[in-house]
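Spelled out, the chains give:
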Amino acid sequence: MRSDISNCIIIIQARSDSSRLPGKVLSDIEGRPLLWHVINRVKKMEHGHVIVATTTRKMDDVIVEIANKAGVKCFRGKTNDVLDRFFKAALKFKANVIVRITADCPLIDPRESDKVVSKFLSGDYDYVSNDSKTYPNGLDTECFSFDALKKARKEAKLRSEREHVTSHIWENPDKFKIGIVHNDSKKRLNHLKWSVDHQNDLDFVRQVYSRLYTKQKIFMMKDVLDLLKKEPKLAKINAKHERNEGYFISLKND
């Protein structure tokens, strides 16, 4: 069991452009940028302190502004080599445990994310995630050691591995000890898409926020699931898109 979590950081990776939905992290949801909501939700996690990792491009100055207004620090690194960006951010903040969350997940549930970190800390793992069939796409959380990140940065050669940070780790279970977290019910929920990659994903999220969002308290995964039981038509707004489309596009490019 790991005891030292004093140097645990939660890195939210963000950039202002996107090939499928340009400017998505800047999109307005209930009067705030999408990225602000992600930061605000992730700040509710019990473990670690939040860092936003973006690029050095001028267009991403706005990412830094949003991070500053949300009260978190920012690190700027390479545009496409996100693996290197994470490594250097971890170095700067002297992290020995890193949590990865992407900025296109405005329904991220801090309680479910904490379960990933807790499992990582409870065992001798190199990497733990909740990328299982029991979670909707959009609650994705990964936790890994600095040593695993360092090894991946040294060994990863494909562009997809550099862009998607942890793919070299979970594609090589013979080299890394990997753990998976499932939701408490073990019920399959992977048909639900809660990340924002397309306009209809954003439309779906805005509908959810219009019903559940308050400034006093954040809503959780259970609240969204209960809403979808009451209004199943909401899930049809973006039902046609597949999970992890961006990664499969990168593989095709490789």
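Read on for an overview of the structure. (Residues numbered from 1 in each chain as written. Predicted model: local features only at pLDDT ≥ 70, side-chain atom pairs only at ≥ 80, totals over all residues. Heavy atoms only, no water.)

So, on to the overall build of the chain. On a plain count of helices and strands, the chain comes out with ten helices and nine strands. A compact globule built from 254 residues would reach a C-alpha radius of gyration of about 18 Å, and the chain, at 17 Å, matches this within 12%. C-alpha atoms of the chain, sized along the principal axes, occupy 45 × 45 × 40 Å. Counting only residues that meet the buried cut, the chain has 56% of its 254 residues in that class. Considering only residue pairs separated by 6 or more positions, the chain has 73% of its internal contacts joining residues 24 or more positions apart. Surface accessibility of the chain: about 12100 Å² in total, with carbon and sulfur atoms responsible for 49%. (Helix = DSSP H or I, 4+ residues; strand = E, 2+ residues; numbered from the N terminus. Rg over C-alpha atoms; globule rule 2.2 N^0.38 Å. Buried < 20%, exposed > 50% of the residue type's maximum accessible area, 1.4 Å probe, protein only. Contact = heavy atoms within 4.5 Å. Areas by Shrake-Rupley, 256 points an atom, 1.4 Å probe, with all protein chains shown as cover.)

Moving on, we get to the side chain of Ser27. By the secondary structure assignment, Ser27 is in the loop between β1 (8-13) and β2 (28-29). Looking at Ser27, the relative accessible area reads 13%, which means it is buried. One polar contact links the side chain of Ser27 to the main-chain carbonyl oxygen of Lys24, over a distance of 3.0 Å. Residues within four places of Ser27 in sequence aside, it is in contact with Arg32, Pro33, Leu34, Leu202 and Arg206. (Polar contact = N/O pair within 3.5 Å; in protein donor to acceptor, adjacent residues only side chain to side chain.)

Along the polypeptide, Glu142 turns up in strand β8 (residues 142-145). Residue classification places Glu142 among the buried residues on the basis of a relative accessible area of 10%. As for Glu142 and Tyr127, which are separated by 15 residues in sequence, their C-alpha atoms are 7.2 Å apart. Aside from chain neighbours lying at most four places away, what touches Glu142 is Ile98, Val99, Arg100, Val116, Tyr127, Val128, Ser129, Thr166 and Trp170. For Glu142, the side chain forms a polar contact with the side chain of Tyr127, separated by 2.6 Å. Among the polar contacts made by the side chain of Glu142, one reaches the side chain of Thr166 at a distance of 2.4 Å.

A probe as big as a water molecule, rolled over the atoms, marks out the empty space that is left. In total, this model carries one cavity of 30 Å³ or more according to the counting rule given. Here the largest cavity defines a volume of roughly 50 Å³. Taken together, His37, Asn40, Arg41, Tyr209, Tyr213, Lys217, Ile218 and Phe219 form the lining of the largest cavity. Grouping the amino acids of the lining of the largest cavity by side-chain chemistry returns four nonpolar, two polar and two charged. (1 Å grid on protein atoms, 1.4 Å probe; cavity = no way out; pocket = protein on both sides within 12 Å on 5 of 7 lines; lining within 4 Å. Points joined across faces, edges and corners; volume = space filled by probe spheres on them. Nonpolar A, V, L, I, M, F, W, Y, C, P; charged D, E, K, R; others polar.)

What follows concerns the packing of helix α1 (residues 34-42) against helix α2 (residues 61-69). It is the contact of α1 with α2, at a shortest axis distance of 10 Å, that shows an interaxial angle of 40°. Of the possible angle classes, the one that applies to α1 and α2 is oblique. α2 is crossed by α1, and the crossing has right-handed handedness. Contact with α1, carried on its side by Leu35, Trp36 and Ile39, involves Ile63, Ile66 and Ala67 of α2 and no other residues of that element. Partitioned by chemical class, the residues of the contact of α1 with α2 number six nonpolar, no polar and no charged. (Axes fitted to C-alpha atoms, helices over the stretch in contact; angles between N-to-C directions. Parallel < 35°, antiparallel > 145°, perpendicular 65-115°, else oblique. Left-handed = near helix turned anticlockwise from the far one by under 90°.)

What follows covers the side chain of Thr166. Structurally, Thr166 is set in the loop between α6 (159-163) and α7 (167-170). Classification of Thr166 by relative accessible area gives buried; the value is 1%. Thr166 has contacts with Arg100, Tyr127, Glu142 and Phe144, leaving out every residue within four places of it along the chain.

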